[in-house]
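The residues making up each chain are set out below.
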Amino acid sequence: MNTSPARQRGSKELWLDAAYEMLVSGGIEAVKVMALAKKLNLSRTGFYWFFADLSALHAEMIDRWERRNTGHLVQSCQVPADNICQALFNVMDCWLDPKLFDAPLDLAIRNWARVDTNLKDRLDEADRRRLGAISDLFHRHGYSHEQAETRSMTLIYTQIGYISMHVEENRAERLQRVQRYVEVFSGTAPSKADVDRFLARHS
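Below: a short report on this structure. The model shown is predicted, which means the values in this text are computed figures rather than measured ones. Position labels on residues start from 1 in each chain and follow its written sequence. Confidence filtering applies because this is a predicted model: local features only for residues at pLDDT of at least 70, side-chain atom pairs given and counted only at 80 or more, and all residues used for totals across whole chains, interfaces and linings. Working from all heavy atoms in the structure, the side-chain values ignore hydrogens and water.

1. A closer look at the environment of Y143
Okay, step 1: Structurally, Y143 is set in the loop between α8 (117-140) and α9 (145-164).
Okay, step 2: For the exposure calls, accessible area comes from a 1.4 Å probe over protein chains only, and a residue counts as buried if that area is under 20% of its type's maximum, exposed if over 50%, partly exposed in between. Judged by its relative accessible area of 14%, Y143 is buried.
Okay, step 3: Between the C-alpha atoms of Y143 and S186, which are 43 residues apart in sequence, the distance is 9.3 Å.
Okay, step 4: In this description, contact between two residues means that some pair of their heavy atoms is separated by no more than 4.5 Å. For Y143, the contacting residues outside a window of four places in its chain are I84, F138, A148, R151, S186 and T188.
Okay, step 5: A polar side-chain atom of Y143 sits 2.6 Å from the main-chain carbonyl oxygen of S186. Numbering of helices and strands runs from the N terminus, with a helix taken as a DSSP run of H or I at least four residues long and a strand as a DSSP run of E at least two residues long. Counting of polar contacts relies on pairs of N or O atoms within 3.5 Å, with two restrictions inside protein: one atom must be capable of donating a hydrogen and the other of accepting it, and residues adjacent in sequence are counted only when both atoms are side-chain atoms.

Put into structure tokens, the structure is as follows:
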């Protein structure tokens, strides 16, 4: 049976997904056209059907990371909330749902940025967007500019620490701990109703 040309070259998403897996597991040095072709059991010429070169693949990978991680985090900060604890639980959704925030990918991007100055600039801008969105969230709920800025930095840097240190917790333990983080970040204990609503989303 002959394999169709489309099957032989795969799809753009297929190549991107494989590149992401290799980036997370082996770093950017592992992302090579021949290695990707071997992983996918496809001809390397299929790669060039979708990407002009490896740099074009890199650009697509970075764009996808920004949409997935920074984009979702900023959106979560804009979800309507009656109080600061509800608002922070919306942000915490990102840390618990890989579809909203891919933590291993974020770490891989940060490691990649150490050897790529252009990516470092993109990463710095992404961090500014994340911090700005969370700072605005605190400000909307009555915190001063200084308080909003400091609390947003505390929240983001705590999560970066979780990722960088490869902290491992079982899901039940993490879910119970989140409400304590919300209290620390906001200075306000969340109500039982808000906690129950958050836990129900992740049951």
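2. Some details on the nonpolar core
Okay, step 1: For our purposes a nonpolar core is just a set of buried Ala, Val, Leu, Ile, Met, Phe, Trp, Tyr and Cys residues, chained together by side-chain atoms within 4.5 Å. Core analysis: the biggest nonpolar cluster contains 32 residues, and I84, L88, M92, W95, F138 and L155 have the highest contact counts within it.
Okay, step 2: Mapped by element, the contributors of at least two residues to this core are α5 (54-77), α6 (84-96), α8, α9, α10 (171-186) and α11 (192-201).
Okay, step 3: Sorting elements by how many residues they give to this core places α6 first, with 10 residues.
Okay, step 4: Not counting residues up to four positions away in its chain, the partners in contact with L88 are L137, F138, L155, V182, F185 and S186.
Okay, step 5: Core analysis: the second largest hydrophobic core is formed by 28 residues, A18, L23, L40 and W112 among them.

3. What to know about the pattern of salt bridges
Okay, step 1: Each reported salt bridge corresponds to a side-chain nitrogen of Lys or Arg within 4 Å of a carboxyl oxygen of Asp or Glu. Under the defined criterion, the tally for this structure stands at 18 salt bridges.
Okay, step 2: Between E125 and R128 there is a salt bridge, with its nearest N and O atoms 3.1 Å apart. Taken together, the positions of E125 and R128, both in helix α8 and three residues apart, correspond to about one turn of that helix.
Okay, step 3: Members of the salt-bridge network, linked through shared partners, are D106, R110, D127 and R130.

4. What about empty space enclosed by the protein?
Okay, step 1: Method remark: on a 1 Å grid restricted to protein atoms, a set of points is classed as a cavity if a 1.4 Å probe fits but cannot get out and as a pocket if it is open with protein on both sides within 12 Å along at least five of seven lines; lining residues have an atom within 4 Å of a point. Grid points are joined across faces, edges and corners, and a volume is the space filled by probe spheres set on the points. For the structure on display, the rule yields two cavities of 30 Å³ or more.
Okay, step 2: Here the largest cavity defines a volume of roughly 60 Å³.
Okay, step 3: Listing elements by their share of the lining of the largest cavity, those giving two or more residues are α6, α9 and α10.
Okay, step 4: Residue polarity follows a fixed list, in which Ala, Val, Leu, Ile, Met, Phe, Trp, Tyr, Cys and Pro are nonpolar, Asp, Glu, Lys and Arg are charged, and the others, Gly among them, are polar. By residue class, the composition of the lining of the largest cavity is six nonpolar, two polar and one charged.
Okay, step 5: Taken as a whole, the second largest cavity spans an internal volume of roughly 40 Å³.
Okay, step 6: A total of four residues in the lining of the second largest cavity trace back to one element, the largest contributor, which is α9.
Okay, step 7: Looking at the lining of the second largest cavity residue by residue, the class counts come to five nonpolar, one polar and three charged.

5. Notes on the state of the cysteines
Okay, step 1: In plain terms, two cysteine sulfur atoms within 2.5 Å form what is called a disulfide here. Going through the model one piece at a time under the given rule, you end up with zero disulfides.
Okay, step 2: For C77, which is in no disulfide, the shortest distance to another cysteine sulfur is to C94 and amounts to 7.4 Å.
Okay, step 3: Cysteine C85 shares no disulfide, and the gap to the nearest cysteine sulfur, in C77, comes to 15 Å.

6. Concerning the packing of helix α7 (residues 103-113) against α9
Okay, step 1: Structural elements are reduced to axes, namely lines fitted to C-alpha atoms, with helices fitted over the stretch in contact, and the angle between N-to-C directions of any two is expressed from 0 to 180 degrees. One way to put it is that α7 packs onto α9 with a least axis distance of 9 Å and a crossing angle of 90°. The angle between the axes of α7 and α9 places the two elements in the roughly perpendicular class. Contacts from A103, D106, L107 and R110 of α7 reach α9 at I160, I163 and S164.
Okay, step 2: Residue composition of the contact of α7 with α9, grouped by class: four nonpolar, one polar and two charged. By definition in this entry, angles of less than 35 degrees are roughly parallel, angles greater than 145 are roughly antiparallel, angles of 65 to 115 are roughly perpendicular, and the rest are oblique.

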